[in-house]
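Descriptive analysis of the structure
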Amino acid sequence: MDVDTRLLRYFAAVAEEGSLTGAAERLFVSQPALTKQIRRLEDDLGVRLFTRSRSGMALTEAGRELASRVPALLNGWDEAVRATGRAARVLRLGFLDAGAVGAVPEAIAAFRQVRPEWRVELRQFDWSDPSAGLARGEVDAAVVRTPFPGQEKWVVRELFVEERGVLLPARHPLANCGTVEFRDLWDEPFVAAGDKPGFWREHWLAAEEREGHPVRVGAVTSRPDEWLGAVAGGCVALAPTSAARFYSHPDVVFRPVRGISPSRVALARPRGRTHQVALDELLEAIARRPGGS
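**Things to note about the overall build of the protein**
Per the secondary structure count, the protein includes 9 helices and 13 strands. In terms of overall size, the protein behaves like a compact globule, its C-alpha atoms giving a radius of gyration of 21 Å where 293 residues would be expected to give roughly 19 Å. Each of the three principal axes of the protein carries a C-alpha extent, and together these read 65 × 55 × 30 Å. Taken over 293 residues, the protein has a buried fraction of 46%. Of the roughly 14,500 Å² of accessible surface on the protein, a fraction of 50% belongs to carbon and sulfur atoms. Charge separation in the protein, taken as the distance between the mean sites of 40 positive and 39 negative side-chain charges, equals 2 Å.

**What about the environment of Ser 68?**
Mapped onto the fold, Ser 68 is located in helix H4 (residues 61-88). Each C-alpha atom of the pair Ser 68 and Ala 12 lies 9.6 Å from the other, and the pair is 56 residues apart in sequence. In this structure the side chain of Ser 68 is engaged in a polar contact, spanning 2.6 Å, whose partner is the backbone oxygen of Glu 65.

**So, the pairing of strand S5 (residues 141-146)**
Counted residue by residue, S5 has 6 buried out of 6 residues, so it is predominantly covered. Side chains Ala 141, Val 143 and Arg 145 project from S5 onto one buried face, and the interleaved Ala 142, Val 144 and Thr 146 project onto a second face that is buried too.

**Examining the sheet that holds strand S4 (residues 119-124)**
The strand order across the open sheet formed by 5 strands is S4-S3-S5-S13-S6, and the pairing between neighbours is mixed. Each end of this open sheet is capped by a strand with a single partner; those strands are S4 and strand S6 (154-162). Strand-to-strand twist across the sheet, computed as the mean angle between neighbouring axes with direction ignored, equals 25 degrees. Pairing of strand S3 (residues 90-95) with S5 involves 3 bridges; the strand directions are parallel. Bridge pairing in S5 links Leu 93 to Ala 141.

**Focus: the packing of aromatic side chains**
For the structure shown, the criterion picks out 6 aromatic pairs. Both rings, one in Trp 227 and one in Tyr 247, keep their centres 5.9 Å apart while their planes meet at 85 degrees; by these two values the pair is edge-to-face. Pair noted here: Trp 227 is in helix H7 (residues 224-232) and Tyr 247 is in the loop between helix H8 (243-246) and strand S12 (252-258), with a separation of 20 residues, a long-range link. The exposure class assigned to Trp 227 is buried, which follows from its relative accessible area of 7%. Among the aromatic side chains, those forming a connected cluster through ring pairs are Trp 127, Trp 227 and Tyr 247. Note that Arg 164 overlies the ring of Trp 204, its terminal NZ or CZ placed 5.2 Å from the centroid. Across the ring face of Phe 190, the terminal group of Arg 210 is positioned such that the distance to the ring centre comes to 4.5 Å.

**Considerations on the pattern of salt bridges**
For the coordinates displayed, the defined rule picks out 19 salt bridges. Of the charged contacts in the structure, one is a salt bridge between Asp 4 and Arg 6, with a shortest N-O distance of 3.9 Å. According to the relative accessible area criterion, Arg 6 is partly exposed, its value standing at 36%. Each of Glu 16, Glu 17 and Arg 26 takes part in a single network of salt bridges with overlapping partners.

**Examining the pairing of strand S2 (residues 56-59)**
Pairing of strand S1 (residues 50-53) with S2 involves 4 bridges; the strand directions are antiparallel. Directly across from Phe 50, in S2, lies its bridge partner Leu 59.

**So, the packing of helix H1 (residues 5-17) against helix H3 (residues 31-45)**
Two numbers describe how H1 lies on H3: the axes approach to 9 Å, and their chain directions differ by 110 degrees. When the axes of H1 and H3 are compared, the pair comes out roughly perpendicular. In this structure, the crossing between H1 and H3 has a hand that is left-handed. For the pair formed by H1 and H3, the contact residues are Arg 6, Leu 7, Leu 8, Tyr 10, Phe 11 and Val 14 on the first element and Leu 34, Gln 37, Ile 38, Arg 40, Leu 41 and Asp 44 on the second. Tallied by class, residues from the contact of H1 with H3 come to 8 nonpolar, 1 polar and 3 charged.

**Some words on helix H2 (residues 20-27)**
Within an α-helix, residues lying three or four positions from one another point in the same direction, as the helix has 3.6 residues per turn. Among the residues of H2, Leu 20, Gly 22, Ala 23, Ala 24 and Leu 27 are the ones counted as buried. The opening residue of H2 is Ser 19, an N-cap whose side-chain oxygen sits 3.0 Å from the backbone nitrogen of Gly 22. Among the residues trailing H2, Phe 28 stands out with phi positive, at a value near 60 degrees.

Cut-offs and rules
- Residues numbered from 1 in each chain as written.
- Predicted model: local features only at pLDDT ≥ 70, side-chain atom pairs only at ≥ 80, totals over all residues.
- Heavy atoms only, no water.
- Helix = DSSP H or I, 4+ residues; strand = E, 2+ residues; numbered from the N terminus.
- Rg over C-alpha atoms; globule rule 2.2 N^0.38 Å.
- Buried < 20%, exposed > 50% of the residue type's maximum accessible area, 1.4 Å probe, protein only.
- Areas by Shrake-Rupley, 256 points an atom, 1.4 Å probe, with all protein chains shown as cover.
- Lys, Arg positive; Asp, Glu negative; His and termini not counted.
- Charge placed at Lys NZ, Arg CZ, Asp CG, Glu CD.
- Polar contact = N/O pair within 3.5 Å; in protein donor to acceptor, adjacent residues only side chain to side chain.
- Pairing = 2+ DSSP bridges.
- Axes fitted to C-alpha atoms, helices over the stretch in contact; angles between N-to-C directions.
- Phe/Tyr/Trp six-rings, centres within 6.5 Å; stacked < 30°, edge-to-face > 60°.
- Lys NZ or Arg CZ within 6 Å of the ring centre and 35° of its normal.
- Salt bridge = Lys/Arg side-chain N within 4 Å of Asp/Glu carboxyl O.
- Parallel < 35°, antiparallel > 145°, perpendicular 65-115°, else oblique.
- Left-handed = near helix turned anticlockwise from the far one by under 90°.
- Contact = heavy atoms within 4.5 Å.
- Nonpolar A, V, L, I, M, F, W, Y, C, P; charged D, E, K, R; others polar.

Such coordinate-based values are descriptive only and should not be taken to indicate function.
Encoded structure:
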């Protein structure tokens, strides 16, 4: 019987966290989706792995047996993937938005001149996974926006700092201002990046810069087209300056904002020596581009 390694990763996260909620937050997946995957694994194996209760998820005897073996299985699989990647000389680079990864294609071209035997694959993730694939082991490194949940687990090197502004409906009273004061936006309905609470979402609502003023959430999105549509429909959204270049909508305008912190773009990668030399060279190529650190 074949079992998807993703199911084993999900099982391991629930076993370690002791709850579906904690595991879902760690994996950047919804709780219903995680529940479905755990049930699928139980169906595939033909055993109950957890006893569910209001206090959390307790491992059954079968679950404890699997939990004792899964780390070695996953570590072995990960090493096999890394070895395959080294042999094939492929770097998988995750990213969230075009603005953060804007300088990367040129850097990749420069990297290829030095390392023509290597191939770099860019993989885009939506805002439901701020780690851009790192948390689920789907990439070797990622261009991310900090702070993001769980970043202490990774090696993170800042690439550049980008100011944040605001996306407004074109008909908004502040749409004709040269610069908007953040205080003037406090009562507006904001677009939230994902439905999970935490500092990633709060950062993109500038919760710490509101002096205790409550946030009014008007929409929840995880993709750029949804994001722009929500703004066109009457909400406002904080966005990096590059959003004005890479994302456009006839009914949306971008304006600088005074009174909020900037966005920081970084390259994050797992600890250890996976593709270390190649990643270091790619990082140096990115850092040498305009706007790099």
